[in-house]
Amino acid sequence: MGTRTVAVFSLGGTIAMTADPATGGVVPALSAQDLLDAVPALRGLDVELRVRDFRRLPSASLGFEDLDALSEALAEAFRSGCDGAVVTQGTDTIEETAYLLDLLHPGDQPVVVTGAMRNPTLPGADGPANVLAAVAAAAAPELRGAGAVVVLGDEIHAARRVRKSHTTSPAAFTSPATGPLGRLYEGRVHLHGPLAPRTAFAGPVAGPAVRVGLYTATLGDDGGLLTAMAQACDGLVVAAFGVGHVPEGFVEVLERTAARIPVVLASRIGNGPVLEGTYGFPGSERDLLARGLIRGGDLDPYKARLLLRVLLTRGRGAAEIAAAFAATG
């Protein structure tokens, strides 16, 4: 296969944290090179690493500007001949950032996003093992065409499917609907099946920045807060109950809003689809779709928000937005 070239971008997060003497808490402090230096086994891989210290932030503080800039930097790395890329970051937002990078990367080179659940000051810190696995995955020809994936604990998860399902467990990352794409063992990628088709968007953002809201349906909500949020948004995702149900008090608000901006109907459960025509009461999925809402398929609300943002920033109209969500499943 020959020597592979992998770009490594560090964003900060738990994997890059050390103790702050002033507070006693851990903060992002380690550079990308520091992370690689902690993994001597990397020297055993036939991989050339191009390292960039991109940000040093907790992942909760990453914004769209950071991810848009990272997407451009990744594209430049691939134009310069890199066979794959690794992004290290905090796990708080890894499922969202990985999916956004997936949407913004139309090429075949894999983008492997990794992090750590245990910071480097703790016994059993998982960062070094995750970095080693991520570099091996990014260099693997088996992942060409996979887009962005998340690699932790030697499991490979598609960005579109992965969820953080526990706050502290080293095995926090799962893909509830499908399971992982594959695993790494003995330093190699082993896929469980063929790679699924994915959606990606080439080219720069066409329009101005947009604000896409995410509103979660909860028991007893009268819709007043929904009204206030909708007025401030260019697009809205509703995280509904079950297969796509909301309180009856939401219905008129959502119908008015859907006449003005795109409103996507997702499920707050995060595992399984929004239905189309099973239930017929006011506030059911059938009722809401008939009132102009867009079916979110089986995308969870967080990822539906990201897809809607990408579509709006590229100037897509209502019909194109509905078609894009329909294509996701």
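Refer to the preceding data block for the structure.
Here's what I pulled together on the structure shown here. The structure displayed is predicted, hence computed values, not measured ones.

Here the focus is the nonpolar core. Residues Phe9, Leu70, Leu74, Val87, Leu101 and Phe325 are the most contacted members of the largest nonpolar core, which totals 48 residues. Those residues within four positions of phenylalanine 325 in sequence are excluded, and the remaining contacts are Val264, Ile294, Arg295, Gly296, Leu299, Ala304, Leu307, Leu308 and Leu311. One finds Ile15, Leu30, Ala116 and Val131 within the second-largest nonpolar core, a separate group that totals 29 residues.

Glancing now at the pairing of strand β13 (residues 212-216). Judged from the five bridges that link them, β13 and strand β14 (residues 235-240) form a sheet pairing that is parallel. Counterpart to glycine 213 in the pairing with β14 is leucine 236. You can see the chain leave β13, run along helix α5 (residues 224-231) and come back into β14, and the turn it takes is right-handed.

This next bit is on the pattern of salt bridges. For the coordinates displayed, the defined rule picks out 17 salt bridges. Between arginine 198 and aspartate 102 there is a salt bridge, with its nearest N and O atoms 3.1 Å apart. In this pair, arginine 198 sits in the loop between β12 (188-191) and β13 while aspartate 102 sits in helix α3 (residues 94-103), placing the two residues 96 residues apart along the sequence. Relative accessible area serves as the criterion here: at 26%, arginine 198 is assigned to the partly exposed category. Of the residues examined, aspartate 102 reaches a relative accessible area of 4% and is grouped as buried. Arginine 160 is the partner of aspartate 298 in a salt bridge, and the nearest nitrogen-oxygen pair spans 2.8 Å.

Remark: the centre distance and the inter-plane angle together describe each pair of aromatic rings, the angle taken between the planes. Following the criterion strictly, the structure yields three aromatic pairs and no others. Between the aromatic rings of tyrosine 215 and phenylalanine 250, the centroid separation amounts to 5.9 Å while the plane-to-plane angle is 70°, which identifies the pairing as edge-to-face. Note that tyrosine 215 is positioned in strand β13 and phenylalanine 250 in the loop between β14 and α6 (251-258), a separation of 35 residues in sequence. Here the aromatic rings of tyrosine 279 and phenylalanine 281 are separated by 6.1 Å at their centres, their planes lie at 70°, and the arrangement is edge-to-face. Judged by relative accessible area, tyrosine 279 falls into the partly exposed class, the value being 38%. Positioned over the ring face of phenylalanine 64 is arginine 309, at 3.8 Å from the centre of the ring.

The next thing to look at is unusual backbone geometry. Phi at aspartate 154 is positive, roughly 65°, even though this residue is not glycine. Here aspartate 154 lies in the loop between β7 (148-152) and β8 (155-158). Even without being glycine, glutamate 186 reaches a positive phi, approximately 55°. Among the secondary structure elements, glutamate 186 is positioned in the loop between β11 (182-185) and β12. Accessibility expressed as a relative area gives 78% for glutamate 186, which makes it exposed.

Attention now goes to the pairing of β14. With six of six residues buried, β14 is to be regarded as a mostly interior element. Side chains Gly235, Val237 and Ala239 project from β14 onto one buried face, and the interleaved Leu236, Val238 and Ala240 project onto a second face that is buried too. Both β14 and strand β15 (residues 263-267) contribute to a ladder of five bridges, which runs parallel. Bridge pairing in β15 links alanine 239 to alanine 266. Viewed along the sheet, the connection from β14 through α6 into β15 turns out right-handed.

Bringing the sheet that holds β12 into the picture now. The eight strands are arranged β4-β1-β5-β6-β7-β8-β11-β12 in an open sheet whose pairing can be described as mixed. Two strands lie at the open edges of the sheet, namely β4 (47-57) and β12, each paired on one side alone. The average undirected angle you get between the axes of adjacent strands in this sheet is 25°. Packed on one face of the sheet, helix α2 (residues 64-79) meets β1 (4-12), β4, β5 (84-88) and β6 (111-114) and runs near 165° to β4. Where helix α4 (residues 127-138) meets the sheet, it contacts β1, β4, β5, β6, β7, β11 and β12, and its direction lies at approximately 155° from that of β5.

Here is what the cut-offs are and how they apply
- Residues numbered from 1 in each chain as written.
- Predicted model: local features only at pLDDT ≥ 70, side-chain atom pairs only at ≥ 80, totals over all residues.
- Heavy atoms only, no water.
- Core = buried A, V, L, I, M, F, W, Y, C linked by side-chain atoms within 4.5 Å.
- Buried < 20%, exposed > 50% of the residue type's maximum accessible area, 1.4 Å probe, protein only.
- Contact = heavy atoms within 4.5 Å.
- Pairing = 2+ DSSP bridges.
- Helix = DSSP H or I, 4+ residues; strand = E, 2+ residues; numbered from the N terminus.
- Right-handed = clockwise from strand over helix to strand, strands pointing away.
- Salt bridge = Lys/Arg side-chain N within 4 Å of Asp/Glu carboxyl O.
- Phe/Tyr/Trp six-rings, centres within 6.5 Å; stacked < 30°, edge-to-face > 60°.
- Lys NZ or Arg CZ within 6 Å of the ring centre and 35° of its normal.
- Axes fitted to C-alpha atoms, helices over the stretch in contact; angles between N-to-C directions.

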